[in-house]
Amino acid sequence: MILIIAFACIFVLMVVQRIVYTKYWDDKLNVKISYKYVDCMAGEDNELVEVISNNKWLPLPMVHVKFDMPKSFKFANENNATISDNYYRDDVFTINGHQKIKRTLKFTCTSRGCYYMNDINLVSSDLFLNFILSSKRKNPAVIHVFPEKVPLDFFEVPFNTITGNFSTNKTMIEDPFEFRGIRPYQQFDSMKHINWKASAKDGDLKVNTFFMTSSQDVKIVLNMDTHIFAAGDRLMEKVISIASSICEKVIEAGIPVGLVSNAMDTYTGERIVRSAGSGVRHMTVLDTALARIDTHAQNMDFADVLSEEMLGNQDSVGNRTYYIVISNSRKKEVIDAYKQTKNSGILSYFIVPEYTQYEVTEYIPDMIKWNLD
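The notes below deal with the structure included here.

## Thoughts on the sheet that holds strand β8 (residues 99–109)
Two pairing modes exist for strands in a sheet, parallel and antiparallel, and in both the strands are linked by backbone hydrogen bonds.
Then step 1. Strand order in this open sheet of four strands is β1-β3-β8-β5, and the pairing throughout is antiparallel. A strand with exactly one partner marks an edge of an open sheet, and here the two such strands are β1 (29–35) and β5 (73–75). Neighbour to neighbour, the strand axes of the sheet diverge by 30 degrees on average, direction disregarded.
Then step 2. Sheet analysis places β5 next to β8, joined by three bridges and oriented antiparallel. Residue pairing for β8: Lys74 is matched across the bridge by Thr108.

Here's what the structure looks like:
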């Protein structure tokens, strides 16, 4: 009789706890997955932060947190992962009532891109692990992996020409919204630029300095079409890297830089266009745009983009903008459109990123070949 009562009690307990867990297991259960750095450079280390909190009295003996990430993210610990077209993680937690658990996973961002996380799947069970409970959560985490920077030895002579042109054809003024640094006060400095806090700390007058801006700028015109279709993703990534590197070099010289491309933004679905600007913050804007380039989308016709950008803005911009066209593609329509802009007096260079073994036989005015290894 006692045995029967015991079995009956166990049965009632299992039924009751099953009802309770079915109804309340994910109540006040919060899961958040985020990145330590939402902006980073390709090749840099980062951290994935998982936080799970159970804000109720009901303990959860097992919670599977399942989510997928790009396979270009290389984790230090891959024991709980499956890699196929994506990187699928299945992390298991045991969490008591009113408990919060934080877990940090180190990984390396190996490839440029804009990555956003899909839904998180939660899988749990009751106290006796007899049945499966599941739910899905939104987790709008986005990370931008900026392009790698490349050496620009081949670009020194054109760069000196561009900076020399700017030095002789424009008057630069300080932009009060683009802070550059602090230096000792000199007699010609304005009193409004004095940094009183830094001056009090050092005992000498210090002034704030700012990046320079003007009505002149440089604009990168980036073509994501390739000369040979079979060239593949590696060539396109090199093309993006050189655009980022040139932007950085020009901005460091204090010259405003803009960007326009025939490529599409993988996040917004719109064409990549960024107006000219200067300073560290604007470099982040440009790198973000380059990170978002979708190399598998249908690009706009670059000859049309080139003509619209360089010839269409001639009346309003004239000689104030120095164009740097970056294009591996040497289609006749592209070269003809570029020659037309040169004949109209627009200042520009045409950079052709190409593998060393391939010759560039086409005649393109002010062309520079960048040999890829």
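After presenting the structure, the write-up continues.
## Focus: the nonpolar core
Then step 1. Counting residues in each nonpolar core, the largest one holds 39 residues, and the members touching the most others are Val218, Ile220, Leu222, Ile246, Ile324, Ile326 and Ile351.
Then step 2. Taken together, the elements giving at least two residues each to this core come down to α2 (156–169), β15 (217–222), α4 (233–252), β16 (257–265), α5 (280–291), β19 (321–326), β20 (348–355) and β21 (367–372).
Then step 3. The element that contributes the greatest number of residues to this core is α4, accounting for ten residues.
Then step 4. Val65, Met69, Phe73 and Ile101 belong to the second-largest nonpolar core, a separate cluster that totals 34 residues.

## A look at the side chain of Arg292
Then step 1. Tracing the backbone shows Arg292 in the loop between α5 and β18 (293–294).
Then step 2. Relative accessible area serves as the criterion here: at 14%, Arg292 is assigned to the buried category.
Then step 3. Here the side chain of Arg292 touches His144 through a polar contact of 2.9 Å, side chain to side chain.
Then step 4. Excluding residues that lie within four positions of it along the chain, Arg292 makes contacts with Arg112, Cys114, His144, Met264, Asp265, Thr266, Tyr267 and Thr268.

## Quick word on unusual backbone geometry
In most cases, non-glycine residues show a negative phi, while peptide bonds are predominantly trans.
Then step 1. Its identity is not glycine, yet Lys28 carries a phi of approximately 60 degrees, on the positive side.
Then step 2. Looking at the secondary structure, you find Lys28 in the loop between α1 (2–24) and β1.
Then step 3. The phi torsion at Asp366 lies on the positive side, around 50 degrees, for a residue other than glycine.
Then step 4. Examined against the element boundaries, Asp366 turns out to sit in the loop between β20 and β21.
Then step 5. Residue classification places Asp366 among the partly exposed residues on the basis of a relative accessible area of 40%.

Reading the values: rules and limits
- Here the residue index of a chain counts from 1 through its sequence in written order.
- At least 70 in pLDDT is required for a residue's local features to be given in this predicted model, at least 80 for side-chain atom pairs to be given and counted, and no such filter applies to totals for whole chains, interfaces and linings, which use all residues.
- Side-chain numbers come from the whole structure's heavy atoms, not from hydrogens or water.
- Pairs of strands are assigned from DSSP output, requiring at least two bridges between the strands.
- Only DSSP runs of H or I with at least four residues qualify as helices, and only runs of E with at least two residues qualify as strands; both kinds are numbered from the N terminus onward.
- Geometry is summarised by axes, namely lines fitted to C-alpha atoms with helices restricted to the contacting stretch, and by angles between N-to-C directions that run from 0 to 180 degrees.
- Side-chain atoms within 4.5 Å link the members of a nonpolar core, which is a set of buried Ala, Val, Leu, Ile, Met, Phe, Trp, Tyr and Cys residues.
- Per-residue accessibility, obtained with a 1.4 Å probe over protein chains only, is compared with the maximum for each type, and a residue is labelled buried under 20%, exposed over 50%, and partly exposed between these values.
- Pairs of N or O atoms within 3.5 Å make up the polar contacts considered here, provided that, within protein, one atom can donate a hydrogen while the other can accept it, and that residues adjacent in sequence are counted only when both atoms are side-chain atoms.
- Any two residues whose heavy atoms approach within 4.5 Å are treated as being in contact.

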